[in-house]
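If you want the building blocks of each chain, they are given just below.
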Amino acid sequence: MSDNDVEFRTVIEPFRIHSVEPLRMTTAAERRAKAADAAYNLFQLHADDVLIDLLTDSGTGAMSRDQWAAIQRGDESYAGSPSFFVFRDAVQELFPYAHVIPTHQGRAAERILFQVLGGPGKVVPSNTHFDTTRANIEFTGAEAVDLVIPEGRDPQADHPFKGNMDIGRLEALLAERGAETPVVMMTITNNSGGGQPVSLANLHAVADVCRAAGKPLFLDACRFAENAWFVKTREPGREHDTIPDIIREMTGLADGMTMSAKKDPMGNIGGWLALNDDDLALQCRNLLILTEGFPTYGGLAGRDLEALAQGLKEVVSEDYLRYRIRSTAYLADALVGLGIPCLTPAGGHAVYIDAAALLAHIPALEYPGQALAVALYETGGIRSCEIGSVMFGRQPDGSERPAAMELVRLAIPRRTYTQSHIDYVIEVAERVKAQAPDLPGYRIVDEPPALRHFTAAFAPIG
């Protein structure tokens, strides 16, 4: 945007709609019945019974005309497919790693990495681990530790990079438990911390600490482009850097990365593990062959690899990123204007409502986030996701304690909903706010031993 351009108030989508799919309207009575049938777990709803699906931005975005065209070029050879090399080259254009190992999604890359590096007695620090990352670490017997800055645990704190790692705490952990630390992780953007970005200055500081301690640094980088946009627009001295150059600098500070390509790479499926260490790459490829597939497809069809390669070209567009971040902020600003407490400033891929503040009458272990998520669905057919004590309260030893924050995530799929859809979400949230004092808490009546938020059964209290 030149100096002579004026930024208009209207958030305009930088695309036209080429194909549409219908939404099924439901009544409030139908939604109450569907919620009860799903044991008040929104993951268990049939998607046809959801009007606006903000459960996740993972794999739910709209692929472009050029991505669908790329699918037609997919080569399904078992080994050595040309589609793999198109994919590998697109990855290495932005991420300077020697080895690119495709997987069917991000958690598969996490599982492979931590099966090699994890184990009993190990500890893996991060700014904030996401749920599947934490679960894959803990499944090996290792401990996952979050070291986000204090502002990252305060929903209303005013800080441009609330996803940053606390450098002092990282240094202290490595001084005390360095022998037990096989790798340091950084999540960009910091999903469980509200989609908050990490500054380049903080990444440089973390990399310096890791080098001094002789520890590899890996990125959970699935929202790398959104993080790069925040660096460009919020970090002093970076406003003239290009998005690809910022991405290369961010990822060049690390020794490797895991990726869910269902996020910023614009895919409906896919992921990868990329790294520089030859010996570690060999161990990881052996596990890939055992559980995912041959190293040139890794559980993906050739057409998926082609679509991801095209998505990596599209996601670095500044027109797209400007629209993406502004449209998320549009929702956050409107909710805050209605007096609905949200995590601010707005992150990249989602808006996080502070359920603990909105439903202050519900104790943390009666799950205010779950109560709010159910109310949003029953009131207006909006499916969201609890990011609080349901997701993070159960500890590896079986005990339970409140999460650091009780949030409800409204994750916005890429290029999927228009401004009128978001205006409807705002209206539904306003109605839920009016009934907030009367909403009940919930109890868990059945749960699995890990990642319970996906399949647990709930019942309202009282």
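## Notes on the nonpolar core
No. 1: Phe95, Leu219, Phe224, Ile247, Met257, Met259 and Trp272 are the most contacted members of the largest nonpolar core, which has 60 residues in total.
No. 2: Not counting residues up to four positions away in its chain, the partners in contact with Leu219 are Tyr97, Met185, Met186, Ile188, Leu203, Met250, Thr251, Ala254, Gly256, Met257 and Thr258.
No. 3: One finds Leu54, Ile340, Val428 and Ala456 within the second-largest nonpolar core, a separate group that totals 47 residues.

## Considering the pairing of strand 6 (residues 217-220)
No. 1: Burial along strand 6 is two-sided: Leu217 and Leu219 facing one way and Phe218 and Asp220 facing the other are all buried.
No. 2: Strand direction decides the pairing type here: strand 5 (residues 184-187) and strand 6, joined by four bridges, are parallel. Directly across from Met186, in strand 6, lies its bridge partner Leu219.
No. 3: In this fold, the crossover linking strand 5 to strand 6 by way of helix 7 (residues 200-213) has right-handed handedness.
No. 4: By the bridge criterion, three bridges tie strand 6 to strand 7 (residues 256-260) in an arrangement that is parallel. Considered in strand 7, the bridge of Leu219 is made with Met257.

## Comments concerning the packing of aromatic side chains
No. 1: Counted by the stated rule, this structure contains twelve aromatic pairs.
No. 2: For the ring pair Phe43 and Phe454, a centre distance of 4.9 Å and an interplane angle of 80° mean the geometry is edge-to-face. A residue pair is termed long-range when its members are at least 10 positions apart, and Phe43 in the loop between helix 1 (28-37) and strand 1 (52-53) and Phe454 in the loop between strand 13 (442-446) and strand 14 (457-460) qualify at 411 residues.
No. 3: A relative accessible area of 27% means that Phe43 is categorised as partly exposed.
No. 4: Of the residues examined, Phe454 reaches a relative accessible area of 22% and is grouped as partly exposed.
No. 5: Judged by centre distance (6.4 Å) and plane angle (80°), the rings of Tyr367 and Phe458 are edge-to-face. Within this pair, whereas Tyr367 is found in the loop between helix 13 (355-358) and helix 14 (368-380), its partner Phe458 is found in strand 14, the two being separated by 91 residues in sequence. Taken as a pair, Tyr367 and Phe458 share a single burial class, namely buried.
No. 6: Members of the aromatic cluster, connected to one another through ring pairs, are Phe84, Phe85, Phe87, Phe95, Phe224 and Trp272.

Criteria and thresholds
Residues numbered from 1 in each chain as written. Predicted model: local features only at pLDDT ≥ 70, side-chain atom pairs only at ≥ 80, totals over all residues. Heavy atoms only, no water. Core = buried A, V, L, I, M, F, W, Y, C linked by side-chain atoms within 4.5 Å. Buried < 20%, exposed > 50% of the residue type's maximum accessible area, 1.4 Å probe, protein only. Contact = heavy atoms within 4.5 Å. Helix = DSSP H or I, 4+ residues; strand = E, 2+ residues; numbered from the N terminus. Pairing = 2+ DSSP bridges. Right-handed = clockwise from strand over helix to strand, strands pointing away. Phe/Tyr/Trp six-rings, centres within 6.5 Å; stacked < 30°, edge-to-face > 60°.

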